[in-house]
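Topology and contacts: notes
Chain by chain, the residues:
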Amino acid sequence: MILRHPVQSVLIGLSKGNRLMPPKRKQRILVAIDGPAGAGKSTIAARLAQRLEVPYLDTGAMYRAVALLALRDGLPTALDEAGAARVVELMENHRIEVSGGISGNRIEIDGDDVSSEIRTPECSLMASAVSAIPEVRQALVPMQRRLGLEKGGVMEGRDIGTVVFPDADLKVFLTASAEERAQRRHRDLANHEVAVSIDEVREQQNRRDHQDTSRSESPLQVAPGSVVVDTTDLSLDKVIERLMAEVANLFPQGA
Ligand code: DC
């Protein structure tokens, strides 16, 4: 697998003279956001990155791109050993490219934009399955680490605070009740014209929650030192204000 990261060029651009950084904060900042599916991570991480004027990296999209390769190859979401080996082979033979930065990420496979295709319910389930393969994580994690260490940003996923950046400036664990998460996911899919029943969303969410928290390799956990935010009854603005206040605490002098 070859993964190119134009994100890096965005990061480099940002570092020059802190042109796009908030005027008072000159230090690099790295925010790690983890949590289960439907907790609002992507929207919140992207919005926070915009407010902080730093790059945003959606690490789940990387696992989703690998999942799309597996789906296109006809593999079932219940991966056996041979299936897992095939996923690794596919990953090595295709070029997955992540680009974008402040407002969102664009994912390409061999030059084709798959940013929408990776959002289907089927791809969500397969992403959860391929993310349990140690070789897949061993390929993706070092890249995520390299990007964050170079220039910082807001990075979201399942293991950012526990494995990728245990020393992030701010670690956040976003959560919400299972029912609220399912309702949000259902609305989101409907907005993207994906027809799926709420029962199906609940069932898939349960499967993903179980897989993501019980896998042996980097399971979803609250990283030590995380700020835990339950977003069930919080508006997006309230969550952002809460996180901006946490950032302000880190940089009391704006230094
Ligand atoms: O955040 P998401 O729903 O796009 O993630 C898709 C899957 O990828 C999720 O079920 C678990 C996996 N994932 C992971 O294991 N580690 C990450 N850092 C991000 C996602």
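Below: a short report on this structure.

Here is what the cut-offs are and how they apply
Residues numbered from 1 in each chain as written. Predicted model: local features only at pLDDT ≥ 70, side-chain atom pairs only at ≥ 80, totals over all residues. Heavy atoms only, no water. Helix = DSSP H or I, 4+ residues; strand = E, 2+ residues; numbered from the N terminus. Buried < 20%, exposed > 50% of the residue type's maximum accessible area, 1.4 Å probe, protein only. Areas by Shrake-Rupley, 256 points an atom, 1.4 Å probe, with all protein chains shown as cover. Axes fitted to C-alpha atoms, helices over the stretch in contact; angles between N-to-C directions. Parallel < 35°, antiparallel > 145°, perpendicular 65-115°, else oblique. Left-handed = near helix turned anticlockwise from the far one by under 90°. Contact = heavy atoms within 4.5 Å. Nonpolar A, V, L, I, M, F, W, Y, C, P; charged D, E, K, R; others polar. Expected span 1.5 Å × (residues − 1). Polar contact = N/O pair within 3.5 Å; in protein donor to acceptor, adjacent residues only side chain to side chain.

**Points about the overall build of the protein**
Helix and strand counts for the protein come out as 10 helices and nine strands. For the protein, buried positions account for 49% of its 255 residues. Accessible area for the protein stands at about 11700 Å²; split by element, carbon and sulfur atoms hold 50% of it.

**Some remarks on the packing of helix 3 (residues 59–72) against helix 4 (residues 81–93)**
Where helix 3 meets helix 4, the axes come as close as 9 Å, and the angle between the chain directions of the two elements is 110 degrees. Judged on the interaxial angle alone, helix 4 and helix 3 are roughly perpendicular. Helix 4 is crossed by helix 3, and the crossing has right-handed handedness. Residues Val66, Leu69 and Ala70 of helix 3 form the contact with helix 4, whose participating residues are Val87, Leu90 and Met91. Class assignment for the residues of the contact of helix 3 with helix 4 results in six nonpolar, no polar and no charged.

**Some thoughts on helix 3**
Structurally, the α-helix is built with 3.6 residues per turn, so residues lying three or four positions apart point the same way. With 14 residues, helix 3 should reach 20 Å at 1.5 Å per residue; the first-to-last C-alpha distance of 21 Å fits that figure. Across the 14 residues that make up helix 3, a large majority, 12, are buried. Buried residues of helix 3: Thr59, Ala61, Met62, Tyr63, Arg64, Ala65, Val66, Ala67, Leu68, Leu69, Ala70 and Leu71, and no others. At the N-terminal boundary of helix 3, the capping side chain belongs to Asp58, with an oxygen 3.1 Å from the backbone nitrogen of Gly60.

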